[in-house]
Amino acid sequence: MKTSRRISWIIGVAAILATVVAFPGRLPGQTSAAKSSGATSGSSTQRNVQVYRVDAGDHDLAYSFQVAIYENLIEELNKTKQFERVLRDGDRNAGNIPNLLVLKTTIEKYTPGSETRRAVTTVSGATKLTVRSQLLTSDGKIVLERTVNGEVRFFGSNLQATHNLARNIAKAIQQSTWSGSEQSSAMLGAQF
Amino acid sequence: MNRLFVRRNHRHPYFDGRALIGLCGLWFWFGLGGLAQSTASPVNASAPFSTRATHLLGLENTKSNCDGTLSLQGNELQFQQDGKPSVELEITSVRHIFLNEESKQVGGLPMTLGKAAAPYGAGRVVSLFAHKNYDILTLEYIGFDGGVHGVIFQLSKGQGDLVRNELVARGVSSSSGEDQRTKQSTAEVRRENK
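Described below are features of the structure shown in this document. (Residues numbered from 1 in each chain as written. Chains lettered and ligands numbered in written order. Predicted model: local features only at pLDDT ≥ 70, side-chain atom pairs only at ≥ 80, totals over all residues.)

1. With respect to the overall build of chain A
Of regular secondary structure, chain A possesses 5 helices and 5 strands. When the helices and strands of chain A are placed in sequence order, the string is α-α-β-α-β-β-α-β-β-α. Counting the 192 residues in chain A, one finds 32% classified as buried. Counted over contacts in chain A with a minimum sequence separation of 6, partners at least 24 positions apart contribute 66%. (Helix = DSSP H or I, 4+ residues; strand = E, 2+ residues; numbered from the N terminus. Buried ≥ 20, exposed ≤ 12 C-beta atoms within 10 Å, placed from the backbone. Contact = placed C-beta atoms within 7 Å.)

2. What to know about the overall build of chain B
When helices and strands are tallied, chain B shows 6 helices and 7 strands. Counted from the first residue to the last, chain B has its helices and strands arranged as α-α-β-β-β-β-β-α-α-β-β-α-α. Counting the 194 residues in chain B, one finds 24% classified as buried. Taking the intrachain contacts of chain B between residues at least 6 apart in sequence as the baseline, contacts between residues at least 24 apart amount to 54%.

3. Some details on the sheet that holds strand β4 (residues 87-90) of chain B
With antiparallel pairing, 7 strands are arranged side by side in an open sheet as β4-β3-β2-β1-β7-β6-β5 (chain B). What marks the edges here is a single partner per strand, and that holds for β4 and β5 (94-105) of chain B. For this sheet the average axis-to-axis angle between neighbouring strands, irrespective of direction, equals 30°. When strand β1 (residues 49-57) of chain B meets strand β2 (residues 66-73) of chain B, the two strands line up antiparallel, connected through 7 bridges. Across the sheet, Ala53(B) pairs through a bridge with Gly68(B), a residue of β2(B). Packing against the sheet, helix α3 (residues 63-80) of chain A makes contact with β1, β5, β6 (131-142) and β7 (148-156) of chain B, and its axis sits at approximately 130° to β7(B). (Pairing = 2+ DSSP bridges. Axes fitted to C-alpha atoms, helices over the stretch in contact; angles between N-to-C directions.)

4. Concerning the interface of chain A and chain B
With 26 residues of chain A at the interface, the matching set in chain B holds 31 residues. Of all the elements in the fold, those that place two or more residues in the side of chain A that touches chain B are α3, β2 (85-88) and α4 (115-121) of chain A. Looking at which element gives the most residues to the side of chain A that touches chain B, the answer is α3(A), with 6 residues. Taken together, the residues of the side of chain A that touches chain B break down into 11 nonpolar, 7 polar and 8 charged. (Nonpolar A, V, L, I, M, F, W, Y, C, P; charged D, E, K, R; others polar.)

5. A look at unusual backbone geometry
Phi angles above zero are rare outside glycine, and Lys81(A) is one such case at about 60°. Of note, Lys81(A) is situated in the loop between α3 and β2. Backbone geometry places Tyr120(B), a non-glycine residue, at a positive phi of 55°. With respect to the secondary-structure elements, Tyr120(B) resides in the loop between α3 (108-117) and α4 (122-129).

6. What about the sheet that holds β2(A)?
All names here are of chain A. Strand order in the open sheet made by the 5 strands is β2-β1-β3-β4-β5, with mixed pairing throughout. Single-partner strands in this sheet number two, and they are β2 and β5 (142-152). Taken pair by pair, the neighbouring strands of this sheet meet at an average axis angle of 25°, ignoring direction. Summarising the sheet, strand β3 (residues 100-111) and strand β4 (residues 127-136) pair through 9 bridges and their orientation is antiparallel.

7. So, the pairing of β4(A)
All names here are of chain A. Side chains Thr 127, Leu 129, Val 131, Ser 133 and Leu 135 of β4 all project onto a buried face; the interleaved residues Lys 128, Thr 130, Arg 132, Gln 134 and Leu 136 project onto a face where none is buried. Strand direction decides the pairing type here: β4 and β5, joined by 10 bridges, are antiparallel. Pairing of Arg 132 across the sheet is with Thr 147, part of β5. With antiparallel pairing between neighbouring strands as the criterion, β4 and β5 make up a hairpin whose turn holds 5 residues, including Gly 140 at a positive phi of roughly 90°.

8. As for the pairing of β1(B)
In terms of strand pairing, β1(B) meets β7(B) through 3 bridges, oriented antiparallel. If you follow Leu57(B) over to β7(B), its bridge partner there is Ile152(B).

Structure below.
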């Protein structure tokens, strides 16, 4: 009886050890430690961003598109969790927040499409948007500058292009090597 | 010949009466039309107004692309998703209204799948006719913290004008929206001519 108990105890300990060796990252303590260390190492997580309204320039872009880009951008930036706070244009709290970056979006090219044309022909009627996204510091220095595209080619409404565009902008910011003010000059004018 | 001539020129006692009745009928008909027009144009700012709409994006705690009822009551704009509590917005916080039209395919995902599955490209032919024009109503409003928010609703054609008129009657600016509509329509025309 005693021997079988001991054997089962040994088997239990061995199973736990095997689990620890096989899945080192799954332990709750380690996970939280990794998360906190990641948060402190990347200075961008300590940053805040204020999203400005879209500048349509001379393009005949429907206002619904401008609003959709702006709203989708705020949603997608929140989803990336790269910034501590994502503020809107005109937010009164912006003046009190340190390390605030400003995201400016300017329309560079807009090709209006048609959902019916897409559905009928498949190859034509795409809605295409090209914007220049600039991430600036509070003193006006450009930290990141990218030209990003968003389009809807086959299925979906024309406004879907704004969602794709916002997702691409958020992804571009997330994937950039920019990580703080130290690298701001190095990244100046970077484009893709 | 003479007889016909005489008949045509003959003043029947009932002829004048019939003409008079006809004229009265016409006058009454057009009068009614005029009355209907004059009662439709002024908007009663205090009266509640509601219409069916689709929330495309922008409202907090509301799913995108969901159907519901858009209503204006007093100083509030409400959107109530079917079977859920309504989301309210103060009309005084709305800064601008923009209205444009957009043609969309009807039927949603089931229709799209059906069209894709249809043999001999029949789906394309269906697509040619299965579209409908909608009014896209865009509102720009200021939140509690001063931040700019945008909301987009999709309404049946003609309903967007009604909502805009109601909002304008309640004191919202729509001047930029007029420009937008003109710009949009010219862009559409240019695209059509290409």
